[in-house]
Amino acid sequence: MNTNTVDAKILGRMFLSGAKNLEAKKEWINELNVFPVPDGDTGTNMTLTIMSAASEVNALSDPDMKSLAKAISSGSLRGARGNSGVILSQLLRGFTKVIEKHEEIDAPIFAKAFERAVETAYKAVMKPKEGTILTVAKGVSEKASEIAEDSESLESFFTDVIAEAETVLAKTPELLPVLKEAGVVDSGGQGLVEVLKGAFDGYLGKEINLDFEKPAVKLTGTKPVSAEESDIKFGYCTEFIIMLEKEFTDKDEEDFKDYLMSIGDSLVVVADDDIVKVHVHTNDPGEAIQRALTYGQLSNMKIDNMRLEHHEKVIKEAEKMAAQQAAQKAAKPEKEVGFISVSVGEGMGEIFKELGADYLIQGGQTMNPSTEDMLKAIEEVNAKNIFIFPNNKNIILAANQARDLTEDKNIVVIPTKTIPQGISAMISYVPEKNVEENTAEMMEAIGNVKTGQVTYAVRDTRIDDKEIHQGDIMGIGDKGILSVGQDIQDVAVEMTGQMTDDDCELISIYYGEEVTEADAEEISSRLEELYPDYDIEINYGGQPIYYYVISVE
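**Remarks on the overall build of the protein chain**
Of the regular secondary structure elements, the protein chain holds 20 helices and 16 strands. Expressed as a percentage of its 553 residues, the buried residues of the protein chain come to 52%. Partitioning the intrachain contacts of the protein chain with sequence separation of at least 6 by distance along the chain shows that 71% fall at a separation of at least 24. If you sum the accessible surface of the protein chain, you get close to 26,600 Å²; carbon and sulfur atoms cover 48% of it.

**A word on the pattern of salt bridges**
Taken as a whole and assessed by the stated rule, the structure comprises 20 salt bridges. The salt bridge partner of lysine 335 is aspartate 358, with a shortest N-O separation of 2.5 Å. Of this pair, lysine 335 sits in strand S5 (residues 335-343) while aspartate 358 sits in the loop between helix H14 (346-354) and strand S6 (359-362); the two residues are 23 residues apart in sequence, bridging distant segments of the chain. Two residues, glutamate 467 and arginine 462, come together in a salt bridge whose shortest N-O distance is 3.1 Å. On the accessibility criterion, arginine 462 (35% relative accessible area) is partly exposed. Here the residues in one salt-bridge network are Asp490, Glu522 and Arg526, joined through shared partners.

**As for the packing of aromatic side chains**
Under the counting rule described, the total for this entry stands at 19 aromatic pairs. Ring centres 6.1 Å apart and planes at 35 degrees place the aromatic pair phenylalanine 110 and phenylalanine 114 in the tilted group. Residue phenylalanine 110 and its partner phenylalanine 114 are both found in helix H5 (residues 107-124); the two are separated by four residues, about one turn of the helix. Each member of the aromatic cluster is reached from another via a ring pair, and the members are Phe95, Phe110, Phe114, Phe157, Phe158, Phe200 and Tyr203. In this structure, arginine 291 packs its charged tip against the face of tyrosine 259, placed 3.8 Å from the ring centre.

**Concerning the side chain of threonine 371**
With respect to the helices and strands, threonine 371 occurs in helix H15 (residues 371-380). Relative accessible area serves as the criterion here: at 0%, threonine 371 is assigned to the buried category. A polar contact of 3.3 Å, which involves the side chain of threonine 371, links it to the side chain of glutamine 401. Ignoring sequence-local partners within four residues, the contact set of threonine 371 consists of Leu77, Arg78, Ala80, Ala398, Gln401, Ala402 and Leu405.

**Description of the sheet that holds strand S15 (residues 535-540)**
Read across the sheet, six strands follow the order S13-S12-S9-S16-S14-S15 without closing on themselves; strand pairing throughout is mixed. Strand pairing shows two members of the sheet lacking a second neighbour, strand S13 (481-485) and S15, which therefore form its edges. Averaged over neighbouring strand pairs, the angle between their axes works out to 15 degrees when direction is ignored. Bridging between strand S12 (residues 473-476) and S13 involves four bridges; their strand directions are antiparallel. The residue of S13 that forms the bridge with methionine 474 is valine 484. Helix H20 (residues 517-530) rests against strand S14 (506-511), S15 and strand S16 (548-552) of the sheet, and its axis sits at about 160 degrees to S14.

**Observations regarding a negative patch on the surface**
Together, Asp7, Asp62, Asp64, Glu103 and Glu104 give the surface a local cluster of negative charge. Looking at where glutamate 103 falls in the secondary structure, it is placed in the loop between helix H4 (82-99) and H5. Residue classification places glutamate 103 among the exposed positions, given a relative accessible area of 52%.

**So, the confidence of the model for the protein chain**
Chain-level statistics for the protein chain give a pLDDT mean of 85 and a share of 88% at 70 or above. Contacts from residues 214-231, a stretch scored under 50 in pLDDT, to residues over four places away or in other chains number 27 contacts.

**Side note on a positive patch on the surface**
A surface patch of positive charge is lined by Arg93, Lys97, Lys101, Arg116 and Lys123. Those elements that provide at least two residues to the positive patch are H4 and H5.

**So, the nonpolar core**
Judged by nonpolar contacts, the single largest core of 73 residues is most densely connected at Leu11, Phe15, Phe110 and Phe157. Here this core takes ten residues from H5, the largest share from any one element. Among the nonpolar cores identified, the runner-up in size contains 23 residues, and Met426, Val435, Ile446 and Tyr546 belong to it.

**Topic: the environment of methionine 374**
Structurally, methionine 374 can be placed in helix H15. The spacing of methionine 374 and proline 390 is 16 residues in sequence and 9.6 Å in space, taken between C-alpha atoms. Apart from the residues lying within four places of it in its own chain, the contact partners of methionine 374 are Val342, Ile361, Ile388, Ile395, Ala398, Ala399 and Ala402.

**What about H20?**
Taking 1.5 Å per residue as the helical rise, H20 with its 14 residues ought to reach 20 Å, and the 20 Å between its terminal C-alpha atoms agrees with that figure. Buried residues of H20: Ala520, Ile523, Ser524 and Leu527, and no others. Buried residues along H20 cover an arc of 100 degrees about the axis, so they all sit on one side. H20 presents Ala518 and Glu529 as exposed residues on the side facing more than 90 degrees away from its buried surface.

**Quick word on the pairing of S15**
Pairing of S14 with S15, which is carried by six bridges, proceeds in the parallel orientation. Residue pairing in the sheet places tyrosine 511 in a bridge with tyrosine 540 of S15. Handedness of the S14-H20-S15 crossover: right-handed.

**Comments concerning the sheet that holds strand S8 (residues 410-413)**
Spatially, S6-S5-S7-S8 is the arrangement adopted by the four strands of the open sheet, whose pairing is parallel. Of all strands in the sheet, those bounded by a partner on one side alone are S6 and S8. Sheet twist, expressed as the average angle between the axes of neighbouring strands with direction ignored, equals 20 degrees. Taken together, the four bridges between S5 and S6 define a ladder with parallel strand orientation.

**A look at the packing of helix H1 (residues 8-30) against helix H2 (residues 42-58)**
It is the contact of H1 with H2, at a shortest axis distance of 8 Å, that shows an interaxial angle of 155 degrees. Judged on the interaxial angle alone, H2 and H1 are roughly antiparallel. Of the two possible hands of crossing, H1 and H2 adopt the one that is left-handed. Counted together, Gly12, Phe15, Leu16, Ala19, Leu22, Glu23, Lys26, Ile29 and Asn30 of H1 and Thr42, Gly43, Thr44, Met46, Thr47, Ile50, Met51, Ala53, Ala54, Val57 and Asn58 of H2 form the full contact between these two elements.

**Points about the environment of phenylalanine 389**
One can find phenylalanine 389 in strand S7 (residues 383-389). C-alpha of phenylalanine 389 to C-alpha of threonine 416: the two residues are 27 residues apart in sequence and 5.9 Å apart in space. For phenylalanine 389, the contacting residues outside a window of four places in its chain are Phe339, Ile340, Ser341, Val342, Ile414, Thr416, Ala425, Met426 and Met442.

Thresholds applied
- Residues numbered from 1 in each chain as written.
- Predicted model: local features only at pLDDT ≥ 70, side-chain atom pairs only at ≥ 80, totals over all residues.
- Heavy atoms only, no water.
- Helix = DSSP H or I, 4+ residues; strand = E, 2+ residues; numbered from the N terminus.
- Buried < 20%, exposed > 50% of the residue type's maximum accessible area, 1.4 Å probe, protein only.
- Contact = heavy atoms within 4.5 Å.
- Areas by Shrake-Rupley, 256 points an atom, 1.4 Å probe, with all protein chains shown as cover.
- Salt bridge = Lys/Arg side-chain N within 4 Å of Asp/Glu carboxyl O.
- Phe/Tyr/Trp six-rings, centres within 6.5 Å; stacked < 30°, edge-to-face > 60°.
- Lys NZ or Arg CZ within 6 Å of the ring centre and 35° of its normal.
- Polar contact = N/O pair within 3.5 Å; in protein donor to acceptor, adjacent residues only side chain to side chain.
- Pairing = 2+ DSSP bridges.
- Axes fitted to C-alpha atoms, helices over the stretch in contact; angles between N-to-C directions.
- Patch = residues over 30% accessible without salt bridge, like charges linked within 9 Å, V, L, I, M, F, W, Y side chains within 5 Å.
- Lys, Arg positive; Asp, Glu negative; His and termini not counted.
- Charge placed at Lys NZ, Arg CZ, Asp CG, Glu CD.
- pLDDT = per-residue confidence, 0-100.
- Core = buried A, V, L, I, M, F, W, Y, C linked by side-chain atoms within 4.5 Å.
- Expected span 1.5 Å × (residues − 1).
- Arc of directions from axis to C-beta.
- Right-handed = clockwise from strand over helix to strand, strands pointing away.
- Parallel < 35°, antiparallel > 145°, perpendicular 65-115°, else oblique.
- Left-handed = near helix turned anticlockwise from the far one by under 90°.

Here you go:
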């Protein structure tokens, strides 16, 4: 395709195609996780982020550049999950700030949009690190600016830009030693490359299924789709009559039916000498109609949304629930201070509730909550000042993004990277002190907490000068692998020993859903013998994947 500009229609297709390619590669991207733990989630986070935007783009019937830009920016911003997802949303946000001002985009405008994207993303990260998705994005921007004026066509422009993205991605292990040691490229950078590749396929007009099903995400505060509604695979009942303008052969009829079945089901096609009656259930009536128009003019067109009946019932129930919640909120006076905590595991949740958490967002390393989940939690907590405890380094950016989008409440994000840090922060809260004083107290408290987590390796690798084989048990500290072995108990004890020093006084053991209380007590006994001057506590955490979460402070 040798064109020099794209309009909103083409750009929309490029975006959806990029999202589709990322979705197809998400599991592979997950496996690029540096640590060989069973919770790599970069691909999932980036996919959920871009799918949120794709849903909004798909809802546009005839977008212009401004409405397309808004859908991409708003959808990705609110759907952002994890650091990689938040950075992707910021890249898209910066990109759309440029394109929204143009009806058609050429190579120089793309170059300016890429530049703005990089500027926006770098500003969103407090301490940008090279060798990541940011480095790949910067490489794309610099190459685009270099060749924009001299490119013969957008096709050659995109080809060169993507080639540069892959070159920069291949260099990420040289910029981040931990990547080199693990033998992988940066997973976020790989995700960005897949988005660009998919977008290019969309530009070239390759046949791509652009139907999107919003992924089901189970988090506190979200409503799962009903089973009845989820059974409707294709949502639009589409009927029309084709008034034939040329011969409609048996081969034409067969090809037409095959095409309609590729985009839907419940197909009925009845051909007569001059007309063809069509009935099909599909998620994109426009595609059925466009193909039909190649045979003649259309009449008696009828499109029904089969999910509406379900939605009407759901909406009524939601309105009733909203009215009840509003009445409950009105009945409760506004508090001065509220608390929102991300938690995982039944036991962990109970601990946060006992400490006074007003709202728990279920999530963690295996499923990072989105900015939208944070905003819903903020809306639910009736307080002037709200402390948020992300309790995971990969959730802090989403919490900050929700804070920046909130105007009617004072949101304070305490950058807790682990659940023990969140617990310690909440324990340090003193009602008699003001928000600023408590913030300082909490920041000091989390700085005194060291956290270790025990899990298993999902692949062979070498990291932190340790040989790790699939199935090995690993003790992972705040900054790397602390212990490796075959026995869960031994690894947990060795890991804890690596975290202790003369200034520490307390060891807290949180045992997971696959560990018995007896096993946790055995760990406690061993640690008491080794460290008789420490207080040792045992708590049921109930967390998945991690056999133990142990803190020392």
